[in-house]
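Secondary and tertiary structure notes
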Amino acid sequence: AVVSTQSTGGETGGFSQKTMSHLRIVDASPGTVKFRLNVEKGDGNLYGTMHGGMGASLVDLCSSVAILSKCSRWGISTDMQISYLKGAPVGSEIEIVGQCDKAGKTLAFSSCQIFNEKGDLLLKGQHTKYMGTPHVELDMTE
């Protein structure tokens, strides 16, 4: 499945569109979504590994989709904390797990982990979102 978002005003996701263009959903249940991504040259840094900004974008996007899968609201980021543990080489495949830890009336708390092909933890993040925004449609079709 591929991920595509559209706001109630009919506009597409903008910045997230580039990240989503090669992000694949491999498993999903309410509150948990697993993704796979091939780290492409354009995702890399000068050292031949995935750029930290790409990792931060994945935490933002994948944890947001996990929240959306649970409560049908996208929200606005208020805080993100990310720990980079190990690099993902350009050309490798990574697995990203987004988890909605708690979704309340005004705040949602989520987490995200990124693993390499061996199952080693590469990056972990926590993400808080303000949830007073309108509902959005989530298209998770093939």
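Since the structure is predicted, the reported quantities are computational estimates derived from the model, not experimental observations.

Moving on, we get to the side chain of His127. In this structure, His127 sits in strand S7 (residues 121–130). At 2.7 Å, the side chain of His127 forms a polar contact with the side chain of Ser63.

Next up on the list: a nonpolar patch on the surface. There is a patch of nonpolar side chains on the surface, built from Ile76, Leu107, Phe109 and Tyr130 and spanning about 340 Å² of accessible area. For Ile76, the location among the structural elements is in strand S4 (residues 76–84).

A few words on the nonpolar core. A general trend in soluble globular proteins is that nonpolar side chains are found buried together. With 21 residues, the main nonpolar core has Leu58, Ile94 and Ile96 as its most contacted residues. The greatest single-element share of this core, amounting to 6 residues, is contributed by helix H2 (residues 52–71). With near-sequence residues (within four places) excluded, Ile96 lies in contact with Leu23, Val33, Lys34, Phe35, Arg36, Leu37, Leu58, Cys62, Cys112, Gln113 and Ile114.

Tracing the chain through its elements places Arg73 in the loop between H2 and S4. A polar atom in the side chain of Arg73 sits 3.0 Å from the backbone oxygen of Gly104.

Parameters at a glance
- Residues numbered from 1 in each chain as written.
- Predicted model: local features only at pLDDT ≥ 70, side-chain atom pairs only at ≥ 80, totals over all residues.
- Heavy atoms only, no water.
- Helix = DSSP H or I, 4+ residues; strand = E, 2+ residues; numbered from the N terminus.
- Polar contact = N/O pair within 3.5 Å; in protein donor to acceptor, adjacent residues only side chain to side chain.
- Patch = residues over 30% accessible without salt bridge, like charges linked within 9 Å, V, L, I, M, F, W, Y side chains within 5 Å.
- Areas by Shrake-Rupley, 256 points an atom, 1.4 Å probe, with all protein chains shown as cover.
- Salt bridge = Lys/Arg side-chain N within 4 Å of Asp/Glu carboxyl O.
- Core = buried A, V, L, I, M, F, W, Y, C linked by side-chain atoms within 4.5 Å.
- Buried < 20%, exposed > 50% of the residue type's maximum accessible area, 1.4 Å probe, protein only.
- Contact = heavy atoms within 4.5 Å.

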